[in-house]
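For reference, the chains in residue letters:
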Amino acid sequence: MTSTATRPHWTALDVVEAGNLLLRLLRRGCFIAAAPRGTRVQPAACHSRDYEPSDDSYGASAFVNERLENGAEDLYAANAKWREYILVRVPVQELLELEGLQVRYSPQDIDYDSLKHAHASIIGMTPALRNEFIRLLDRFID
Amino acid sequence: MTAAGTASNQQPLLDERRAYPSAAETSLTEPLAAIRQQIFILARETAEPGWDFERGRPIDAQTWRRARVFIEQLAEEVQPFPEPHISASGDGYVHIVWFRQGGDRAVLEIGRDCFWSFLSGDRSQQDREEALPTVRDAYPKLRSFLAGK
């Protein structure tokens, strides 16, 4: 992806620091509660093939908890349907331990003004990292 | 990111006769009927851009049909029928997942192209992935997976 007037190259986006907590919405159709732990989150939970930032998406979406005054409630205030999703809280540090992934602020990738300041993208996903990512999500679901 | 469920309900999202069989075709086993119903629902949910919360690519009726036909043929060729988990990915792929003992997973992704993946349940083996020339090439791989190989 090249930079445009409204979409800078992803390397120009601010880094989300490792001490933060990410909120990731997980569609229920990608979760099998009865499966063994570690295998409950399915690969469809994360884009598998569009690893490269594109003209309308830098990567997998998440929210930085520290930037949300009321935490997850701010997400639900923006879109009540998100209550139907499973909310997964993942420390950024854990994500960064998956070599190759980066977490950057990306207000360009969300349509809700009230959430732009807290929106982040997980950049650098590959199929192999996707598999590790879904295992990581699984660890943080009760 | 766009709101989930923003697709218009004012017009048909797909040709339902193509994506889902008529009642007359239902000489089905119960699991297969349930899978057809699930595919029908997923096809409706994923027909428009932005269907997920991440600017998801739409999945067209033809892609869902390919997935349905694959599963129907699987039900004819492999007994007992290995019932899969079906879901959709925001990058426009249908995901069909099978489990076996130990939590190992096989994943068939059908979309613009086709991929086969193995995810080790206990990490005793390496995950693997390969592109398949056609969806049909997944049959021998699935048989091998279900046989524990």
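Everything numeric in this text was worked out from a predicted model, so none of it was measured.

Analysis parameters
- Residues numbered from 1 in each chain as written.
- Chains lettered and ligands numbered in written order.
- Predicted model: local features only at pLDDT ≥ 70, side-chain atom pairs only at ≥ 80, totals over all residues.
- Heavy atoms only, no water.
- Contact = heavy atoms within 4.5 Å.
- Buried area = accessible area lost by both parts, 1.4 Å probe.
- Salt bridge = Lys/Arg side-chain N within 4 Å of Asp/Glu carboxyl O.
- Polar contact = N/O pair within 3.5 Å; in protein donor to acceptor, adjacent residues only side chain to side chain.
- Helix = DSSP H or I, 4+ residues; strand = E, 2+ residues; numbered from the N terminus.
- Nonpolar A, V, L, I, M, F, W, Y, C, P; charged D, E, K, R; others polar.
- Pairing = 2+ DSSP bridges.
- Axes fitted to C-alpha atoms, helices over the stretch in contact; angles between N-to-C directions.
- Buried < 20%, exposed > 50% of the residue type's maximum accessible area, 1.4 Å probe, protein only.
- Arc of directions from axis to C-beta.

Novice: Help me understand the interface of chain B and chain A in this model?
Specialist: Taken together, the contacts link 34 residues of chain B with 41 residues of chain A. In this assembly, chain B packs against chain A so that about 2,900 Å² is buried in total across both faces, 48% of it on carbon and sulfur atoms. The tally of links between chain B and chain A comes to 5 salt bridges. Notably, a salt bridge pairs D127(B) with R135(A), separated by 2.7 Å at the nearest N-O pair. The interface formed by chain B and chain A includes 15 residue pairs in polar contact (both at pLDDT 80 or more). Of all elements in the fold, only β1 (85-89), β2 (93-99), β3 (105-110) and β4 (114-119) of chain B reach the threshold of two or more residues within the side of chain B that touches chain A. Grouping the amino acids of the side of chain B that touches chain A by side-chain chemistry returns 12 nonpolar, 11 polar and 11 charged.

Novice: How should the sheet that holds β4(B) be read in this particular structure?
Specialist: Each strand in a sheet pairs with its neighbour through backbone hydrogen bonds, running either in the same direction (parallel) or in the opposite one (antiparallel). Residue and element names in this part refer to chain B. Across the sheet, which stays open at both edges, the 5 strands sit in the order β1-β2-β3-β4-β5 with antiparallel pairing between neighbours. For this open sheet the edge positions go to β1 and β5 (128-132), each flanked by a neighbour on one side alone. If you compare each strand with its neighbour and ignore which way they point, the axes differ by 20 degrees on average. Note that β4 and β5 share 5 bridges and pair antiparallel.

Novice: What is the right way to read helix α4 (residues 138-146) of chain B from this model?
Specialist: For the α-helix, the turn length of 3.6 residues means that residues three or four positions removed from each other point alike. Residues and elements named next belong to chain B. Those residues of α4 that sit buried are A138, Y139, L142 and F145. When α4 is viewed along its axis, its buried side chains cluster within an angular range of 125 degrees and face the same direction. For α4, the secondary structure elements touched by its buried residues are α3 (61-77), β2, β3, β4 and β5. A positive phi of about 85 degrees marks G148, the residue just after α4.

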